[in-house]
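The chain contents come next:
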Amino acid sequence: MIKGMLRVGINGYGTIGRRVAHAVSLQDDMTVSGIVKTKPDYVARLASKYYNIYVPKESDVKAFEDAGIKVKGDLSKLIEDSELIVDSTPEGMGEKNIVTYKERKIPAVFQGGEEHKIVEASFNSYSNFDQAIGKKYVRVVSCNTTALARTITPIHEMVGVRRVNATLIRRATDQNDSSKGPINAVEPSLKFPSHHAPDLKTVLPIKEVETVAIKVPTTLMHVHVIELNLEKEAKANQIIDAWKSKRRIAVISGKDGRSSTAQVMDMAREVDRDRSDLYEIPIWKESVFVSGNTLRYIQAVHQESDVVPENIDAIRSMMQILPKEESIEKTDRYMEINGSAF
Ligand code: NAD
């Protein structure tokens, strides 16, 4: 470990945890002290090439050793070896784990599956970085909420947003999961608003937010159809320029073949990036429609990766390592995030 590097432990090494671990390892001011795995599977074996492996409880050690995977200790030992924990365990588990973190007086970042009420602040880099400064328990909002906050914030800063109305077409599950569906159905959230509206309000000061979510049989991305009621009128090119000024947003065109999530993720695979992730939120230029105070647009969300840069910024905000713009710039530089490259 290099002196001055913040030691970050990752509890839960699934879709989000493995990506946050990798993003931490790319930075020059933090390092991965270890990761917690529950099973000695192929993921644990591959991870052991890069990280120290820990297990939830001492009694889990034997199964790993039997599988030939060296274990450094249990969660308690990881806490001892770390200065901050990123909790990326399955939805709802963070609520139990926070008790342990508080007892051990270690700060922790949680994910969007946890409830806002368990933490001191919910987090999005563009919309409320400063609210996490010096806090010990912070939650990065979900992939959908992160994407909404990220593309609405520049517009809110430019002309003010009075009302948000969004339809979220959600992927059924992630690519490594063959246990969930639907595989032949369209599943609406059945209530207005869906849970995304109150979630967005935890990071953006807009009072009127309506959302509905519809789950569809795909694993690649979510798609959002968004309508904003603006306080002041703006031209479509001004709106597009505001998005283009942000590296975590990619204004793309459907005219060159990128007309669905299939081509958008194919584009991501063509870029030399780890796991072919797309951290940026793509917005289709042709979908941007302005009429009076109404703005409509369509965006996609790579749900497995868009929250990863926010986890890095949340750590820097909580630990007061860097102020907002410097943190975002550094995260983007090391993760090669640059929407204009697409
Ligand atoms: P996941 O199921 O892919 O990963 C969770 C990991 O935690 C798994 O590897 C699981 O084995 C492990 N785990 C289970 N019990 C554990 C324990 N006791 N101790 C340590 N690890 C344990 O889940 P995920 O998709 O990475 O989601 C994690 C969090 O991130 C959730 O709050 C989720 O809502 C949120 N999130 C998920 C996505 C997404 O699209 N997958 C996007 C944004 C936020």
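Residues numbered from 1 in each chain as written. Predicted model: local features only at pLDDT ≥ 70, side-chain atom pairs only at ≥ 80, totals over all residues. Heavy atoms only, no water.

A. Examining the domain arrangement of the protein more closely. Segmentation of the protein into domains returns domain 1 (6–141 + 307–337) and domain 2 (143–301). Inter-centroid distance (C-alpha atoms) of domain 1 to domain 2 is 26 Å. Contact residues are listed per partner, giving 29 residues for domain 1 and 23 residues for domain 2. Interface of domain 1 and domain 2: buried area, both sides summed, is about 2,300 Å²; carbon and sulfur atoms make up 48% of it. Area buried by domain 1 at its contact with domain 2 is led by Tyr126, Val141 and Ile337, which between them contribute 31% of it. The interface formed by domain 1 and domain 2 holds seven salt bridges in total. For Arg248, the salt bridge identified is with Asp313, shortest N-O distance 2.9 Å. Linking domain 1 with domain 2 are 14 residue pairs in polar contact (both at pLDDT 80 or more), by the criterion used here. Breaking the side of domain 1 that touches domain 2 down by element, the ones donating at least two residues are helix H1 (15–26), strand E7 (121–123), helix H6 (125–128), strand E8 (137–140), helix H11 (308–318) and helix H12 (324–335). The biggest single contributor to the side of domain 1 that touches domain 2 is H12, with five residues. (Domains from an automatic or database assignment. Contact = heavy atoms within 4.5 Å. Buried area = accessible area lost by both parts, 1.4 Å probe. Salt bridge = Lys/Arg side-chain N within 4 Å of Asp/Glu carboxyl O. Polar contact = N/O pair within 3.5 Å; in protein donor to acceptor, adjacent residues only side chain to side chain. Helix = DSSP H or I, 4+ residues; strand = E, 2+ residues; numbered from the N terminus.)

B. Up close: empty space enclosed by the protein. Counted by the stated rule, this structure contains one cavity of 30 Å³ or more. Here the largest cavity is characterised by a volume of approximately 40 Å³. As for the largest cavity, its lining consists of Arg19, His22, Ala23, Asp274, Arg275, Asp277, Tyr279, Val308 and Met335. No other element matches the three residues that H1 contributes to the lining of the largest cavity. Grouping the constituent residues of the lining of the largest cavity by class yields four nonpolar, one polar and four charged. The residue makeup of the lining of the largest cavity includes at least three contributed by each of domain 1 (6–141 + 307–337) and domain 2 (143–301). (1 Å grid on protein atoms, 1.4 Å probe; cavity = no way out; pocket = protein on both sides within 12 Å on 5 of 7 lines; lining within 4 Å. Points joined across faces, edges and corners; volume = space filled by probe spheres on them. Nonpolar A, V, L, I, M, F, W, Y, C, P; charged D, E, K, R; others polar.)

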